[in-house]
Amino acid sequence: MRSFLATGAAAVSLLASVSLVSAASPYSIDTDATMKSAASQIAWDMLQYYHGNESGQTVGILPGPPPNGDYYWWEAGAMWGTLLDYWKCTGDSSYNDIMTAAMLHQAGPDEDYQPDNVTLSLGNDDQGFWGMSAMLAAELKFPDPPADQPGWLALAQAVFNTQADPSRHDDTCGGGLRWQIPFSNNGYNYKNSIANGCFFNLGARLARYTGNDTYANWAEKTWDWMWGIGFIDNQKWAVYDGGHVEKNCTDINKAQFSYNSGVLLQGLAHMYNHTESQKWKDRLDNLLKVTLSTFFPGGVAYEISCEDHDTCTTDMVSFKGYVHRWLGMVAKLAPHTRATIQPILVSSTKAAVAQCNGGTDGRTCGFKWKSGVFDGKVGVGEQMNVIAAISSILMKNTPAPVTAKTGGTSKGNDNAGTGGDDKYLGTDRPLGTGDKAGAGILTFLLLAGACGMFGWMSFGE
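Residues numbered from 1 in each chain as written. Predicted model: local features only at pLDDT ≥ 70, side-chain atom pairs only at ≥ 80, totals over all residues. Heavy atoms only, no water.

A. Region of interest: the overall build of the protein chain. When helices and strands are counted, the protein chain shows 14 helices and four strands. Residues classed as buried in the protein chain amount to 60% of the 461 residues present. The contacts in the protein chain between residues at least 6 apart in sequence include a share of 71% that link residues at least 24 apart. Carbon and sulfur atoms provide 53% of the accessible area of the protein chain, an area that totals close to 16600 Å². (Helix = DSSP H or I, 4+ residues; strand = E, 2+ residues; numbered from the N terminus. Buried < 20%, exposed > 50% of the residue type's maximum accessible area, 1.4 Å probe, protein only. Contact = heavy atoms within 4.5 Å. Areas by Shrake-Rupley, 256 points an atom, 1.4 Å probe, with all protein chains shown as cover.)

Shown next as structure tokens:
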């Protein structure tokens, strides 16, 4: 396979490839071979945005955070997770070394994905995405780190244990994780679905992998809290964004983002696979039905809250790829869903690759898939989405994620991440109108205009 290293000129050329073209996409999903070839090229193009392997750059992160670059810390963690699935689905190990280096370096001095350089924008969701990527490495039997480094399982356990610590669970809103971790961060007074969804997801997967009921109990507790507080609509099964603690989370922001539903779906599939309980199957089936109808109209992935209005942020642009990957795993862990999920993954991926005909290279991918044409939007998220979509189809050829009893080799540590959050503790403060929603996955306030149009306000720095 081609080395991911590119000359500076090539990288500049890629970044400048924003011209609209009408030529057909060079990619096809007709066969496994054509899908693997397409994914290989798109992955190589995506990694031209990564400079962590270059002298003087930080290992493991993408350019940023704003205003120093487009990307918050969390998205690099999500990118490595996408490449883990790519590795498993294609057999291409070209990027394994940089993936390993990135995921170990960003674990930080406490080996719990809380590196000091991201404290000013460290959210439970940000940490959770890195933890989910570490969990995926254990589940896919990605090559284990050197013996003197923490195992992938231990890193996932560290993230879970830090988030299960009593210091992160208070009585406001009847429980649940806050969005931000340090008390001084803007957004600390917001509790949201993605922070708690990542925690639920990780707990469910650790329960299945280890067989330890402590993880399963936390997953159930988190689901029950989200259901009880109304973040998951008890009638419509829509998943809403979150609410503020000073309002006891009654001011629910009803914006819907695909990754909120997707991260819960994957967790539900793991809980059902682990327990074979009817209640988890029912929850999975109900949420799956609504997720597919809401975010895959016409069988193509679509970000309902921002795509038509051109208000999707850099973060939001990347969501549909995660949902594709998570749905691919749902179909594997809950086989009764495959007949429903697989045709939609195929139709959506077909639309995704069809619009990868942009830029001066004639193969750059955009964001809006349902239009069928390249929209001129380029970046890591746009490329990553299509890699994820292709991988979601190829997952049918891969074995189920392993557990400790079915071949898992990753080194664990039940006590990882149990040192507490003393460095982040402090006095609570009200959330002001100037607070920003920018630690990683941006949370937005949805404003409905007289004509029903969406307006978006990101909290300022």
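B. Structural view of the nonpolar core. Counting 134 residues, the largest nonpolar core has W80 and F129 as the members making the most contacts within it. Per-element accounting of this core gives the leading share, eleven residues, to helix α3 (residues 73-90). (Core = buried A, V, L, I, M, F, W, Y, C linked by side-chain atoms within 4.5 Å.)

C. Main features of the packing of helix α9 (residues 258-275) against helix α12 (residues 319-333). At their nearest, the axes of α9 and α12 sit 9 Å apart, and the two run at 15 degrees to each other. As summarised for this structure, α9 and α12 are arranged roughly parallel, according to the angle between their axes. When the axes of α9 and α12 are compared, the crossing they make is left-handed. Of the residues in α12, those touching α9 at S258, Y259, G262, V263, L265, Q266, A269, H270 and N273 are F319, K320, V323, W326, L327, M329, V330 and L333. When the residues that make up the contact of α9 with α12 are grouped by side-chain class, the tally is eleven nonpolar, five polar and one charged. (Axes fitted to C-alpha atoms, helices over the stretch in contact; angles between N-to-C directions. Parallel < 35°, antiparallel > 145°, perpendicular 65-115°, else oblique. Left-handed = near helix turned anticlockwise from the far one by under 90°. Nonpolar A, V, L, I, M, F, W, Y, C, P; charged D, E, K, R; others polar.)

D. Broad picture of the confidence of the model for the protein chain. With 87% of its residues at a pLDDT of 70 or more, the protein chain has an overall mean of 89. A low-confidence stretch, residues 1-19 stays under pLDDT 50, and its non-local contacts, those more than four residues away or across chains, total 42 contacts. A low-confidence stretch, residues 427-461 stays under pLDDT 50, and its non-local contacts, those more than four residues away or across chains, total 101 contacts. (pLDDT = per-residue confidence, 0-100.)

E. Just unusual backbone geometry, in detail. A cis amide bond, omega 0 degrees, links G64 with the succeeding residue P65. Cis geometry is adopted by the peptide bond preceding P67, which originates at P66 and carries an omega value of 5 degrees. Inspection of the secondary structure assignment puts P67 in the loop between α2 (32-46) and α3. The phi dihedral of K141 is positive, around 60 degrees, even though this residue is not glycine. The topology assignment puts K141 in the loop between α5 (124-139) and α6 (152-164). A residue is classified by how much of its surface remains accessible, and K141, at 39% relative accessible area, is partly exposed. One non-glycine residue, D310, lies in the positive phi region at around 55 degrees. Looking at where D310 falls in the secondary structure, it is placed in the loop between α10 (278-295) and α11 (314-317).

F. Expanded view of the packing of aromatic side chains. Counted according to the given criterion, the structure contains 24 aromatic pairs. Residues F129 and W326 carry aromatic rings whose centres are separated by 6.2 Å and whose planes lie at 40 degrees to one another, so their mutual orientation is tilted. Taken as a pair, F129 in helix α5 and W326 in helix α12 lie far apart in primary sequence, 197 residues in all. With a centroid separation of 6.0 Å and an interplanar angle of 50 degrees, the aromatic rings of F142 and W152 are classed as tilted. (Phe/Tyr/Trp six-rings, centres within 6.5 Å; stacked < 30°, edge-to-face > 60°.)

G. Representation of the state of the cysteines in the model. Counted by the stated rule, this structure contains three disulfides. At a sulfur-sulfur separation of 2.1 Å, the disulfide partner of C173 is C249. Note on the C173 and C249 pair: the S-S dihedral is about 80 degrees, so by sign convention the disulfide is right-handed. Placement of the pair is C173 in the loop between α6 and β1 (190-192) and C249 in the loop between β2 (242-244) and α9, with a sequence separation of 76 residues. Cysteine pairing for the protein chain (bonded cysteines numbered in sequence order): 1-2, 3-4, 5-6. (Disulfide = S-S within 2.5 Å.)

H. Region of the structure containing the pattern of salt bridges. Counted by the stated rule, this structure contains 13 salt bridges. Residue K279 is joined to E220 by a salt bridge in which the shortest nitrogen-to-oxygen separation is 2.4 Å. Here K279, found in helix α10, pairs with E220, found in helix α8 (residues 213-229); they are 59 residues apart in sequence, far enough to count as distant. Under the relative-accessibility criterion, E220 is labelled partly exposed at 22%. Salt-bridge contacts for D308 lead to K370; the nearest nitrogen and oxygen are separated by 3.5 Å. In this pair, D308 is assigned in the loop between α10 and α11 and K370 in the loop between α13 (338-354) and α14 (380-394), connecting sequence segments 62 residues apart. Of the residues examined, D308 reaches a relative accessible area of 44% and is grouped as partly exposed. Sharing partners across several salt bridges, the network here consists of D45, D361 and R363. (Salt bridge = Lys/Arg side-chain N within 4 Å of Asp/Glu carboxyl O.)

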